[in-house]
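# Survey of secondary and tertiary structure
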Amino acid sequence: MIIGKSSFEKGHTYIMGIMNLTPDSFSDGGRLNSLEEVLDRAEEMVSEGVDIIDIGGESTRPGFTQISVEDEIARIVPAVFAIKKMYDVPISVDTYKAEVARAALEAGADLINDVWGLQYKDGELMAKYIAEYGAACCLMHNGRDNENPDADIIASVRKGLEKSVGIALDAGIKPKKIILDPGIGFGKTYEQNMELLKHLNSVELEGYPSLLGASRKSVIGATLDLPVDERLEGTLATTASAVCAKYLFARVHDVKANKRFVKMFEALRVD
């Protein structure tokens, strides 16, 4: 898979580093308040070996406050421009709004990471923008509007992801540009999240690489009874699950620790 100027080969798990430009993110909101701080953090992530930087301008935690398209663009676009000017690392933008996606793509973003899997209000329009720019996309399963929360979670995730893939293909997005994410924590109970983490291969769709985003999430906090800032070890355990399932990406906050962990874990893995 090609994203930006980088090639990502099946069989290895790459690190997508989270960069939140939000004051209310559940984990690290309010840390990056200027372009200088954004570039400092980008430099740090690159030095730690990040494979993709994922920029978010609006929190998607439970109970988040939605911001305007204009405000989200104002947060994201300068960061995309600045980072792309200094580094060759691919840039992903975490948004579910079509006009934000278009502005980010125009600024040079290489991938759109959509927590609604093209199933939000203007998802079909966003899919068209992604196709027009020849960009990659990560389509996540989101169960927040699930009318039957007690349904088989494996079947529900697969069905939702199949729908997202259909929207993408209908818009002209190439299959080789699509990544899928089971959506840990989004409209799922603790038990459902644990079932997904134990059976990551069961929700993969043939021909499409997968991404796991479980870093510091509540399922880890509930299991270990720890606050957000003490969930590194738990996150590494979920990264191990991603490596065992041969997911192409792990989306994480702690780049250095996860990068080193993956390198060692893959060296020990017996295929």
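Conventions we followed
- Residues numbered from 1 in each chain as written.
- Predicted model: local features only at pLDDT ≥ 70, side-chain atom pairs only at ≥ 80, totals over all residues.
- Heavy atoms only, no water.
- Salt bridge = Lys/Arg side-chain N within 4 Å of Asp/Glu carboxyl O.
- Helix = DSSP H or I, 4+ residues; strand = E, 2+ residues; numbered from the N terminus.
- Buried < 20%, exposed > 50% of the residue type's maximum accessible area, 1.4 Å probe, protein only.
- Core = buried A, V, L, I, M, F, W, Y, C linked by side-chain atoms within 4.5 Å.
- Contact = heavy atoms within 4.5 Å.
- Phe/Tyr/Trp six-rings, centres within 6.5 Å; stacked < 30°, edge-to-face > 60°.
- Pairing = 2+ DSSP bridges.
- Patch = residues over 30% accessible without salt bridge, like charges linked within 9 Å, V, L, I, M, F, W, Y side chains within 5 Å.
- Areas by Shrake-Rupley, 256 points an atom, 1.4 Å probe, with all protein chains shown as cover.
- Lys, Arg positive; Asp, Glu negative; His and termini not counted.
- Charge placed at Lys NZ, Arg CZ, Asp CG, Glu CD.

What follows is about the pattern of salt bridges. Under the defined criterion, the tally for this structure stands at 10 salt bridges. Notably, a salt bridge pairs Glu58 with Lys97, separated by 2.9 Å at the nearest N-O pair. On the criterion of sequence distance, the pair formed by Glu58 in the loop between strand E4 (52-56) and helix H2 (69-86) and Lys97 in the loop between strand E5 (91-94) and helix H3 (98-107) is long-range, its members being 39 residues apart. Lys97 shares its class with Glu58; the two are buried. Salt-bridge contacts for Arg102 lead to Glu99; the nearest nitrogen and oxygen are separated by 2.8 Å. Pair noted here: Arg102 and Glu99 are both in helix H3, with a separation of three residues, about one helical turn. Each of Asp54, Asp94 and Arg251 takes part in one network of salt bridges that share partners.

Right, let's get into the nonpolar core. Ranked by internal contacts, the top residues of the largest apolar core, which has 65 residues, are Met19, Ile53, Ile55, Ile83, Leu118, Ile130 and Ile178. It is helix H5 (residues 153-171) that contributes the most residues to this core, seven residues altogether. Not counting residues up to four positions away in its chain, the partners in contact with Ile130 are Leu105, Ile112, Leu118, Ala135, Ala136, Cys137 and Ile173.

In total, this model carries six aromatic pairs according to the counting rule given. Taken together, a centroid distance of 4.7 Å and an interplanar angle of 75 degrees make the contact between Tyr96 and Tyr120 edge-to-face. Placement of Tyr96 in the loop between E5 and H3 and of Tyr120 in the loop between strand E6 (111-114) and helix H4 (123-133) is noted, with a sequence separation of 24 residues between them. Both rings, one in Trp116 and one in Tyr120, keep their centres 5.9 Å apart while their planes meet at 35 degrees; by these two values the pair is tilted.

This paragraph deals with the sheet that holds E5. With parallel pairing, the eight strands of this open sheet are ordered in space as E8-E7-E6-E5-E4-E3-E10-E9. Only two strands of the sheet have a single neighbouring strand rather than two, namely strand E8 (178-181) and strand E9 (211-212). Pairing of E5 with E6 involves three bridges; the strand directions are parallel. Counterpart to Val93 in the pairing with E6 is Ile112.

Moving on: the pairing of E8. Residues Ile178 and Leu180 of E8 are buried on one face, and the alternating residues Ile179 and Asp181, pointing to the opposite face, are buried as well. As judged from the four bridges shared by strand E7 (residues 136-140) and E8, these two strands associate in the parallel manner. Paired with Cys137 across the two strands is Ile178, which belongs to E8.

Buried residues dominate strand E3 (residues 14-20), accounting for seven of its seven residues. Alternating residues of E3 divide into Tyr14, Met16, Ile18 and Asn20 and Ile15, Gly17 and Met19, and every residue in both groups is buried. Two elements, E3 and strand E10 (residues 249-252), share four bridges in a ladder whose sense is parallel. What sits directly across from Met16, in E10, is Arg251. Note that E3 and E4 share five bridges and pair parallel. Bridging from a neighbouring strand, Ile18 pairs with Asp54 of E4.

Moving on to a negative patch on the surface. Taken together, the side chains of Glu36, Glu37, Asp40 and Glu43 present a region of like negative charge at the surface. Within the fold, Asp40 resides in helix H1 (residues 35-47). Look at Asp40 and you get partly exposed, because its relative accessible area is 44%.

Attention now goes to unusual backbone geometry. With a phi angle near 60 degrees, Arg216 is a residue other than glycine that sits in the positive phi range. With respect to the helices and strands, the residue Arg216 is situated in the loop between E9 and helix H7 (218-224). Positive phi, close to 60 degrees, is recorded for Lys246, a residue that is not glycine. Within the fold, Lys246 resides in the loop between helix H8 (232-244) and E10.

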